[in-house]
Amino acid sequence: MPDSSERRVYDFVIDFLLTHNYQPSFREIGRALDIGSTRTVSDYIDRLAEQGLVERHHAQSRAVGLPHLDLVPCRPPPPVDAMGDVEDDIVDPPADASEAEWHAFWMEHALALARRAAEEDEVPVGAVVVGPTGLVAAAHNRTRQLADPTAHAEVLAIRRAGRVTGDWRLSDHTLYVSLEPCAMCAGAIVLARLPRLVFGATDPKAGMCGTLGDIVRDERLNHRADVIGGVAAERSSRLLSDFFRSRRGGGEEAG
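Summarised in this report is the structure supplied together with it. Given the structure is predicted, the values throughout are model-derived calculations rather than measurements.

Cut-off values and rules
Residues numbered from 1 in each chain as written. Predicted model: local features only at pLDDT ≥ 70, side-chain atom pairs only at ≥ 80, totals over all residues. Heavy atoms only, no water. Helix = DSSP H or I, 4+ residues; strand = E, 2+ residues; numbered from the N terminus. Contact = heavy atoms within 4.5 Å. Areas by Shrake-Rupley, 256 points an atom, 1.4 Å probe, with all protein chains shown as cover. Pairing = 2+ DSSP bridges. Axes fitted to C-alpha atoms, helices over the stretch in contact; angles between N-to-C directions. Buried < 20%, exposed > 50% of the residue type's maximum accessible area, 1.4 Å probe, protein only. Salt bridge = Lys/Arg side-chain N within 4 Å of Asp/Glu carboxyl O. Parallel < 35°, antiparallel > 145°, perpendicular 65-115°, else oblique. Nonpolar A, V, L, I, M, F, W, Y, C, P; charged D, E, K, R; others polar. Left-handed = near helix turned anticlockwise from the far one by under 90°.

### Points about the overall build of the chain
Here is step 1: Of regular secondary structure, the chain possesses 8 helices and 7 strands.
Here is step 2: Long-range contacts, defined here as pairs at least 24 residues apart, represent 56% of the contacts in the chain between residues at least 6 apart.
Here is step 3: When the accessible surface of the chain is summed, it comes to about 13000 Å², and 50% of that surface belongs to carbon and sulfur atoms.

### Focus on the sheet that holds strand E7 (residues 226-228)
Here is step 1: The strand order across the open sheet formed by 5 strands is E4-E3-E5-E6-E7, and the pairing between neighbours is mixed. Unpaired on one side and paired on the other, strand E4 (134-140) and E7 mark the two borders of the sheet. Direction aside, the axes of adjacent strands within the sheet are offset by 15° on average.
Here is step 2: Of the strand pairs in this sheet, strand E3 (residues 126-131) and E4 are connected by 6 bridges, and their pairing is antiparallel. Bridging from a neighbouring strand, glycine 131 pairs with glycine 134 of E4.
Here is step 3: Strands strand E5 (174-179) and strand E6 (196-201) of the sheet are contacted by helix H8 (residues 233-245), whose axis makes an angle of about 60° with E6.

### Describing the environment of glycine 230
Here is step 1: Here glycine 230 is to be found in the loop between E7 and H8.
Here is step 2: When near neighbours in sequence (up to four residues on either side) are disregarded, glycine 230 contacts Phe199 and Gly200.

### Section: the environment of arginine 196
Here is step 1: Assignment of secondary structure puts arginine 196 in strand E6.
Here is step 2: By relative accessible area, arginine 196 is classed as partly exposed at 34%.
Here is step 3: Separated by 21 residues in sequence, arginine 196 and leucine 175 have C-alpha atoms that sit 6.4 Å apart.
Here is step 4: Residues in contact with arginine 196, not counting those within four places in the same chain, are Asp172, His173, Thr174, Leu175, Ala225 and Asp226.

### A look at the pattern of salt bridges
Here is step 1: Going through the model one piece at a time under the given rule, you end up with 7 salt bridges.
Here is step 2: Among the ionic pairs, arginine 238 bridges to glutamate 234, the shortest N-O distance being 3.2 Å. Within this pair, arginine 238 and its partner glutamate 234 are both found in helix H8, separated by 4 residues, close to a single helical turn.
Here is step 3: By relative accessible area, which is 60% here, glutamate 234 ends up exposed.
Here is step 4: Note that arginine 245 is salt-bridged to aspartate 242, the shortest N-O span being 2.8 Å. Linking arginine 245 with aspartate 242, this pair stays in helix H8, spanning 3 residues, or about one helical turn.

### Considering the packing of helix H4 (residues 99-119) against H8
When two helices pack together, their arrangement is given by the angle between their axes and by how far apart the axes lie.
Here is step 1: At a minimum axis separation of 11 Å, H4 and H8 run at an interaxial angle of 5°. With respect to H8, the axis of H4 lies roughly parallel. Of H8, the residues touching H4 (which contributes Glu108, Leu111, Ala114, Arg115 and Ala118) are Arg235, Ser236, Leu239 and Phe243.
Here is step 2: Across the contact of H4 with H8, the residue classes tally to 5 nonpolar, 1 polar and 3 charged.

### Topic: unusual backbone geometry
Here is step 1: If you check the backbone angles, arginine 193 has positive phi at about 60° while not being a glycine.
Here is step 2: Take arginine 193: it is sitting in the loop between helix H7 (183-191) and E6.
Here is step 3: Assessed through its relative accessible area of 23%, arginine 193 is described here as partly exposed.
Here is step 4: For alanine 232, which is not glycine, the phi dihedral falls at a positive 55°.
Here is step 5: Positionally, alanine 232 belongs in the loop between E7 and H8.
Here is step 6: On the accessibility criterion, alanine 232 (25% relative accessible area) is partly exposed.

### Some thoughts on the packing of helix H6 (residues 153-165) against H7
Here is step 1: Packing of H6 against H7 brings their axes to within 9 Å, and their N-to-C directions diverge by 25°. As the angle between them shows, H6 and H7 are arranged roughly parallel. Where H6 crosses over H7, the handedness of that crossing is left-handed. Here Glu154, Val155 and Ile158 of H6 lie close against H7, whose contacting residues are Met184, Cys185, Ala188 and Ile189.

Scope: geometric values only; no functional claims are made or implied.
This is the structure in structure tokens:
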């Protein structure tokens with residue numbers, strides 16, 4: 001773990017990268033920037049520049065502490081692997097698959113991501129975005145890893161899908177997620193113009209796609225999504241229950 005001075009620099013750079021919509025993993029940042037040998041903001045910016053991520057053009061970058069730094073990205077973020085968090089090759093369902101089989105197929109991948117989240121001590125929720133040509137993006141919860149309350153699986157998958165397609169409108173895509181989305185994620189679904197949502201377990205504490213509310217089908221909004229819930233719901237619920245049961249108190253919220 002970095003010491004306090006390293007941590008301040010680390011937090012600054014993480015914030016900068018996320019501000020510019022680049023979400024590397026901690027491991028990627030460690031490899032690229034060598035956190036352990038970095039002591040000042042200037043050192044970090046030098047390493048960022050060496051990696052071609054930013055251009056430094058302000059004398060204040062040599063100052064002590066965390067001054068205002070006039071930084072600009074010098075090239076677009078690295079290409080995003082459409083597979084996202086999924087390492088293994090994924091083939092599309094059979095061409096003659098029924099609608100139910102199609103939904104079950106992609107939910108399996110969302111559940112696989114949820115299990116990976118649990119292994120990383122994240123609340124086990126996984127999401128995939130599927131377009132006309134197949135898988136576009138995938139993600140699991142990373143709120144702990146990124147120290148970011150918005151880093152839910154759905155939001156990360158939607159962000160990746162936008163970067164992969166080059167369009168914030170995902171109007172011909174479907175979002176599959178193992179748990180009913182919360183208010184934040186339901187809002188992201190509406191904003192992304194996703195026409196279809198398929199989820200697994202309902203969320204009695206935070207679900208806003210039919211349980212506590214129904215943001216994605218609210219007629220007052222300028223977009224509504226078709227919703228199919230309950231796909232592999234029992235397995236998703238069991239995964240969440242097991243996760244919280246393994247932690248004393250089980251006080252952490254799903255999301």
